[in-house]
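# Coordinate analysis (summary)
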Amino acid sequence: MPEVPELVRYLKQMCAELFGKVEAELPTDVGFTALGLDSLAAMRLSNHLLNDFACSVSLRQVLTCNGIESLAVMLVDAGKLNPVTPQPIRRSPAHQSRD
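How each quantity is defined
- Residues numbered from 1 in each chain as written.
- Predicted model: local features only at pLDDT ≥ 70, side-chain atom pairs only at ≥ 80, totals over all residues.
- Heavy atoms only, no water.
- Helix = DSSP H or I, 4+ residues; strand = E, 2+ residues; numbered from the N terminus.
- Buried < 20%, exposed > 50% of the residue type's maximum accessible area, 1.4 Å probe, protein only.
- Contact = heavy atoms within 4.5 Å.
- Areas by Shrake-Rupley, 256 points an atom, 1.4 Å probe, with all protein chains shown as cover.
- Axes fitted to C-alpha atoms, helices over the stretch in contact; angles between N-to-C directions.
- Parallel < 35°, antiparallel > 145°, perpendicular 65-115°, else oblique.
- Left-handed = near helix turned anticlockwise from the far one by under 90°.
- Nonpolar A, V, L, I, M, F, W, Y, C, P; charged D, E, K, R; others polar.
- Core = buried A, V, L, I, M, F, W, Y, C linked by side-chain atoms within 4.5 Å.

A word on the overall build of the protein chain. When helices and strands are tallied, the protein chain shows five helices and zero strands. Tracing the protein chain from N to C terminus, the helices and strands come up as α-α-α-α-α. Taking all 99 residues of the protein chain together, the buried fraction comes to 37%. In the protein chain, the proportion of contacts linking residues at least 24 apart, taken out of those at least 6 apart, comes to 69%. Accessible area of the protein chain: about 5500 Å², with a carbon and sulfur share of 51%.

With that settled, the discussion passes to unusual backbone geometry. With a phi close to 50 degrees, A54 is a non-glycine residue in the positive phi region. With respect to the helices and strands, A54 occurs in the loop between α2 (39-53) and α3 (59-64).

Right, let's talk about the packing of helix α1 (residues 4-19) against helix α4 (residues 68-78) for a bit. The description of two packed helices rests on the angle between their axes and on the distance between the axes. Direction vectors running N to C along α1 and α4 enclose 130 degrees, while the axes themselves pass 9 Å from each other. Classified by the angle between their axes, α1 and α4 sit oblique to one another. Between α1 and α4 lies a crossing of right-handed hand. Taking contact as the criterion, the partners of V4, L7, V8, L11, K12 and C15 in α1 are, on α4, I68, E69, L71, A72, V73, L75 and V76. Taken together, the residues that form the contact of α1 with α4 break down as 11 nonpolar, no polar and two charged.

Note on soluble globular proteins: their nonpolar side chains tend to be buried together. With 27 residues, the main nonpolar core has L7, L11, F32, L45, L49, L71 and L75 as its most contacted residues. Residue assignment for this core shows that the elements contributing at least two residues are α1, α2 and α4. When residues in this core are grouped by element, the largest group, eight residues, is from α1. With near-sequence residues (within four places) excluded, L11 lies in contact with L45, L49, I68, L71 and A72.

Bringing the side chain of S46 into the picture now. For S46, the position within the fold is in helix α2. Judged by its relative accessible area of 10%, S46 is buried. Among all residues touching S46, those that are not within four sequence positions of it are C55, V57 and L59.

Once that is clear, we can look at the packing of α1 against α2. Where α1 meets α2, the axes come as close as 11 Å, and the angle between the chain directions of the two elements is 140 degrees. The orientation of α1 relative to α2 falls into the category oblique. The element α1 and its partner α2 pack so that their crossing is right-handed. Counting all contacts with α1, which are made through L7, Y10, L11, M14, C15 and L18, the residues of α2 involved are A41, R44, L45, H48, L49, D52 and F53. Residue composition of the contact of α1 with α2, by class: 10 nonpolar, one polar and two charged.

Nothing here speaks to function; it is geometry throughout.
Take a look at the structure:
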């Protein structure tokens, strides 16, 4: 099962893609709605977690979570994650040039 630091890195990758930002620009302790996450992006984030970890997370959990690190801790503590190692996110060429 992934540990919190691994999951934080993975969630930052997903969120960077969803927000169109560079990972380094994303704080891990700011709520998703404060970062600009809307319901559609929350659904995408939830779907990523379902597809990559066989982990069901409600939109409400995502939208009310206190940030990336908080979500990672919640998922690890709840034992909700499948022991599958996450695959790297395929970034669009526009995002790769920013790194």
